[in-house]
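Observations on chain architecture
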Amino acid sequence: MRLNQHLTRLARKAMQEAFGLESPEPDLRVATDPRFGDYQINGVLPLAKQLKGNPRQLAEKLVAALDFDGACLPPEIAGPGFINLRLDPAWVGQQVGRIAVDERLGVEEQNPTQSIVVDFSSPNVAKRMHVGHLRSTILGDSLVRTLRFLGHRVVGDNHVGDWGTQFGTLIWSFKQGHDAILLEQDPLGELERLYKHGSERARESAEVAEEARQELSRLQAGDPENKALWERFVGLSRRDAESLYDRLNVSFDSWKGESHYNQVLPALVERMVAQGLAREDQGAIAIFYGDHPELGDKPFLVRKKDGAFLYATTDLATLEERLEHYDPDRIIYVVDVRQSLHFVQLFEAARLLGMAQNGHPRLEHVGFGMMLGQDGRPFKTREGGTVTLAALLDEASERVYPKVAERYPEANHDELHRLAEQVGIGAVKYADLCQHRTTDYRFDWEKLLAFEGNTGPYLQYSLVRTRSLLREHLVRFGSEFEPVAGELKLEEPEEKALAVELLRLGDVLDRVAEHLTPHLLCEYLFGLGRCYNVFWDRCPILKVEIPDSVRRRRLTLSAGVARAFEIGLSLLNIPALERM
Ligand code: ARG
């Protein structure tokens, strides 16, 4: 079911007939004020200029041509030429009766399905993951899930930064002396300490800086000792990252670091030079963009004067391999907005190189803003250090613990701990996902952990409540409630409103997939929760005096709501709980 799409198609057909246009855009939107109906056609006004007609008359002409085949009551014209549509409760009842019993709530896969690569998380090795990586991980994971739900073949790739000049410094520092016990117990802490020590020394002494450079050259030349050290550092980092991914319930289909592409970089640069796409400039090699308005004075450096390759070179090689392996229709990079220029350069280079032409594959940078502290400044520990991801998740879970303990005095510590972790992590994820991704947002514990309002806990609670209603049926009536497919006779406006919300899930997911904006799904779920509250207040369900048929109808709607929450939470990767 794609409600908006369905109505848009019919409205477009009417516009073609009424105005003789080839592919008019009805601009059909959910009505902002439910008093005026469920949907609104806004496309007539902009047409009035083009057709040199009076908008009101055009609207009348369109209304005469509209045929929604029973889906809508007769449309009404409002203001200068908006058309208000009210769905017919009988039609809504037929549709919702069909989808409420469906596993996917009637959301068919998109057609055609695509091959899509999502590059996300991608932390740099030998450093602890910090909150900045949280956003990429959470957003990317939700996009992977949503695109997959819509039927696409998705490869989630963790493009870790496991290669670069930092390894020269790290190896140098390691060889000076390291704490073997710490390296076992707190590997990332020890690696960070070593790196800090090394870079401080290199700053003080040109000699040390030179030695570190030599360690790097030896590593690049394949020196066995340095290679083994590098592998050890990468392995330790991976173990650390994996424990976090486990906690977040995130996984990848591919985990190829930047190092994976090392071998092909020299030939790639030579090829680009031979093709005349890259050229030497003061000893370095770069791709120049000619008179490109934005990039004309911003060449893309692919080889440094000392022969070293860069982030740009690796990304070009990565792109080439992805094209070959996955024949993708879309490649999505979920990376901090501060790297925007890099991606504009990369995508333009890809076009020049013939890797992506006429928008195929579609290359997209899904940028996101910063996570700020309550004071509106970059999120830091009280002491001013960077907040590690593990510490953040620990704090979430610790803060939730007393809240769940209060609700379940009878539960034991392990149960409470598990529950607190699921609510805490869900809350952190939701706080991130519910924002428009490009804006910076303030991280506020009180707000994001609240059980009321637009929060993860509220959403989890909404599902718990619907599930317990369905369970309650078993207690009171001695049998599990089984929704049966078939038309629902929607009598109350709250029933219809709720049913219409359920019919909208497919449209919402399409938009998330198109714009890569999970916050639209959050908005939808929050709205559904509110809609369900109104329904709950006005439409009693389990009371004995409620006739059987009415109860069945309301329970069927409730089962549909539970299904919508289950689907939504699973796409946001927020734990669905049985109780809380
Ligand atoms: N490792 C990089 C960083 O932490 C992000 C990599 C993003 N992916 C890419 N293909 N460039 O900044």
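The following refers to the structure shown. (Residues numbered from 1 in each chain as written. Predicted model: local features only at pLDDT ≥ 70, side-chain atom pairs only at ≥ 80, totals over all residues. Heavy atoms only, no water.)

1. A closer look at helix α11 (residues 265-274)
Turning to α11, its buried residues number three or more, namely Leu265, Leu268, Val269 and Met272. Seen along its axis, α11 keeps its buried residues to an arc of 95°; they face one direction. With respect to the buried face of α11, the exposed residues turned more than 90 degrees away are Glu270 and Ala274. Following α11 by one or two positions, Gly276 has its phi on the positive side, about 80°. (Buried < 20%, exposed > 50% of the residue type's maximum accessible area, 1.4 Å probe, protein only. Helix = DSSP H or I, 4+ residues; strand = E, 2+ residues; numbered from the N terminus. Arc of directions from axis to C-beta.)

2. A short note on the site of the ligand
Every residue close to the ligand is listed here: Asp119, Ser122, Asn124, His133, His159, Tyr311, Asp315, Tyr333, Val335, Gln339 and Phe343. Taking Ser122, its main chain carries an N or O atom lying 2.9 Å from a nitrogen atom of the ligand. Within the contact set of the ligand, an oxygen atom lies 2.9 Å away from a side-chain nitrogen or oxygen of Gln339. Relative to its unbound accessible surface of 350 Å², the ligand loses 89% to contact with the protein. (Near = heavy atom within 4 Å. Polar contact = N/O pair within 3.5 Å; in protein donor to acceptor, adjacent residues only side chain to side chain. Areas by Shrake-Rupley, 256 points an atom, 1.4 Å probe, with all protein chains shown as cover.)

3. A short note on the pattern of salt bridges
Taken as a whole, this structure holds 46 salt bridges when the rule is applied. Its salt-bridge partner being Arg563, residue Glu566 comes within 2.3 Å of it at the nearest N-O pair. With Glu566 and Arg563 both in helix α21 (residues 548-572) and three residues apart, the pair spans about one turn of that helix. Beyond isolated ion pairs, a larger network of salt bridges with shared partners links Glu103, Arg467, Arg471, Arg563, Glu566 and Glu578. (Salt bridge = Lys/Arg side-chain N within 4 Å of Asp/Glu carboxyl O.)

4. Brief notes about the state of the cysteines
Counted according to the given criterion, the structure contains zero disulfides. Residue Cys72 stays outside any disulfide, its sulfur separated by 18 Å from that of Cys531, the closest cysteine. With no disulfide partner, Cys434 has as its closest neighbouring cysteine sulfur the one in Cys522, 5.7 Å distant. Given a relative accessible area of 17%, Cys434 falls into the buried group. (Disulfide = S-S within 2.5 Å.)

5. Side note on the sheet that holds strand β2 (residues 39-41)
Ordered in space as β1-β2-β4-β3, the four strands form an open sheet in which the pairing is antiparallel. The open sheet has two edge strands with one neighbour each: β1 (28-30) and β3 (76-78). Going from strand to strand, the sheet's axes swing by 30° on average, the running direction of each strand aside. Pairing of β3 with strand β4 (residues 82-85) involves three bridges; the strand directions are antiparallel. From the neighbouring strand, Ala78 faces β4, where its bridge partner is Phe82. The strands touched by helix α3 (residues 55-65) are β2, β3 and β4; relative to β3, the strand with the most contacts, the crossing angle is about 165°. (Pairing = 2+ DSSP bridges. Axes fitted to C-alpha atoms, helices over the stretch in contact; angles between N-to-C directions. Contact = heavy atoms within 4.5 Å.)

Geometric descriptors of this kind do not, in isolation, establish any biological role.
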